[in-house]
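Next come the chains, spelled out residue by residue.
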Amino acid sequence: MILVTGASGNVGRELVRELDAKGVEFGIFVRDPGRADGLSPRARRVIGDLDDVSTYAPALAGVDRLFLLVPGVGIDHTRGMVAAAKASGVARIVLLSSYNVMGDPMPAMGRWHHERETIVRDSGIPYTILRPGGFMTNALEWAPTVRAGGVVDDPTGPGRYAPIDPADIAAVAAVALTEDGHDGNHYYLTGDEMFTVAEQVAIIATTLGRDIEIREAATPEQAVASRYPNGAPSALAAAILEGFTLMRQDTTGFRTDTVERILHRRAGTFAEWCARNIDAFR
Ligand SMILES: NC(=O)c1ccc[n+]([C@@H]2O[C@H](COP(=O)([O-])OP(=O)(O)OC[C@H]3O[C@@H](n4cnc5c(N)ncnc54)[C@H](OP(=O)(O)O)[C@@H]3O)[C@@H](O)[C@H]2O)c1
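Residues numbered from 1 in each chain as written. Predicted model: local features only at pLDDT ≥ 70, side-chain atom pairs only at ≥ 80, totals over all residues. Heavy atoms only, no water.

**A few points about the packing of aromatic side chains**
In step 1: Taken as a whole and assessed by the stated rule, the structure comprises five aromatic pairs.
In step 2: Residues Trp 273 and Phe 281 carry aromatic rings whose centres are separated by 6.4 Å and whose planes lie at 75° to one another, so their mutual orientation is edge-to-face. Phe 281 matches Trp 273 in its accessibility class, with the two residues each being buried. (Phe/Tyr/Trp six-rings, centres within 6.5 Å; stacked < 30°, edge-to-face > 60°. Buried < 20%, exposed > 50% of the residue type's maximum accessible area, 1.4 Å probe, protein only.)

As structure tokens, this is what we get:
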């Protein structure tokens, strides 16, 4: 059986759809079954919590392939889950990492992912590592100020990147979980279109049929606060600030065609993502 962590999140929810469509047997590791409402009833609910190591082994019983997505900072969850996976005979791990691991010097966000990758590689379990760039769903962070006043605080100005639809990350994960030929690979995943924040916001505005003002974020801290209105752990906030600084400096951007090579179709566009998610901005 395949076990999916992070199943109620941006990538995980799409991965549930993919695995459901493929008709394979799979379970989802959820701390609160209510969070899985609306996900396919075919996904076996496996109750577990990454913050409770005693739940790992029972959740992994009978699992032969693991999609491992660890939110937040640090490596403890990864170390514990990979050790439990090894003990229970898991034969393949697909790890969600980040393109930040290619930074030189490596930013904090990249270092955590780099250490998690190392744990997986050192386990001896066959693996595929997915290294996506910025997600299209990050645009949802702008929804509250768009709804309230038609404004987006832009932390990255001239910086460009090629945001990826989490549905494409999930589709690649589903291939790596269910098909042979991907063991030992590290896939850098991006969308196919290069944008500044202002250019992305223009697409949201067109889809919405309403103007949206772009306001340079007064301080990077303000941008972090708009991402985490209830506050973020200080290490995470510092890492996001660092990420904004690096994005601002990168006026070229990084783009790959890995999605197209693996899925044999083009990567989803931001306009398509907006069309599916525009209600969040109304
Ligand atoms: N955003 C980006 O641009 C970007 C770029 C590259 C890499 N990444 C990486 O992508 C990952 C985030 O993916 P995402 O956006 O799909 O995640 P997400 O939407 O933030 O969802 C997080 C998932 O993890 C689950 N979760 C949180 N704490 C848990 C716990 N203690 N026990 C069990 N499950 C728990 C959540 O479940 P609940 O529903 O219970 O909260 C949810 O399903 C991170 O590793 C991040 O570093 C992000």
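From this point, the narrative continues.
**Quick word on the sheet that holds strand S1 (residues 2-5)**
In step 1: Read across the sheet, seven strands follow the order S3-S2-S1-S4-S5-S6-S8 without closing on themselves; strand pairing throughout is parallel. Both edges of this open sheet fall to strand S3 (44-47) and strand S8 (186-189), since each of them pairs with a single strand only. Taken pair by pair, the neighbouring strands of this sheet meet at an average axis angle of 20°, ignoring direction.
In step 2: One ladder, built from four bridges, connects strand S5 (residues 92-96) with strand S6 (residues 127-132); its direction is parallel. For Val 94, the partnering residue across the bridge sits in S6 and is Thr 128.
In step 3: Packing of helix H1 (residues 10-22) onto the sheet brings it into contact with S1, strand S2 (26-30) and strand S4 (65-68), and relative to S2 it is tilted by some 160°.
In step 4: In this fold helix H4 (residues 108-122) packs onto S5, S6 and S8, with an angle of close to 170° to the strand it touches most, S6. (Pairing = 2+ DSSP bridges. Helix = DSSP H or I, 4+ residues; strand = E, 2+ residues; numbered from the N terminus. Axes fitted to C-alpha atoms, helices over the stretch in contact; angles between N-to-C directions. Contact = heavy atoms within 4.5 Å.)

**Considerations on the packing of helix H8 (residues 220-227) against helix H9 (residues 234-249)**
In step 1: It is the contact of H8 with H9, at a shortest axis distance of 10 Å, that shows an interaxial angle of 120°. As far as their axial angle goes, H9 and H8 are oblique. Between H8 and H9 lies a crossing of right-handed hand. Side by side, H8 and H9 meet where Pro 220, Glu 221, Ala 223, Val 224 and Arg 227 of the first sit next to Ala 237, Ile 240, Leu 241 and Phe 244 of the second.
In step 2: Each residue belonging to the contact of H8 with H9 can be placed in one class, and the counts come to seven nonpolar, no polar and two charged. (Parallel < 35°, antiparallel > 145°, perpendicular 65-115°, else oblique. Left-handed = near helix turned anticlockwise from the far one by under 90°. Nonpolar A, V, L, I, M, F, W, Y, C, P; charged D, E, K, R; others polar.)

**With respect to the site of the ligand**
In step 1: Neighbouring residues of the ligand: 25 residues in total, closest Ser 8, Arg 31, Arg 35, Asp 49 and Asn 138.
In step 2: A distance of 2.5 Å separates an oxygen atom of the ligand from a polar atom in the side chain of Ser 8.
In step 3: Take Val 11: an N or O atom from its main chain is 2.9 Å from an oxygen atom of the ligand.
In step 4: Contact with the protein chains removes 81% of the 930 Å² of surface that the ligand exposes when unbound.
In step 5: Grouping the constituent residues of the shell around the ligand by class yields 10 nonpolar, 10 polar and five charged. (Near = heavy atom within 4 Å. Polar contact = N/O pair within 3.5 Å; in protein donor to acceptor, adjacent residues only side chain to side chain. Areas by Shrake-Rupley, 256 points an atom, 1.4 Å probe, with all protein chains shown as cover.)

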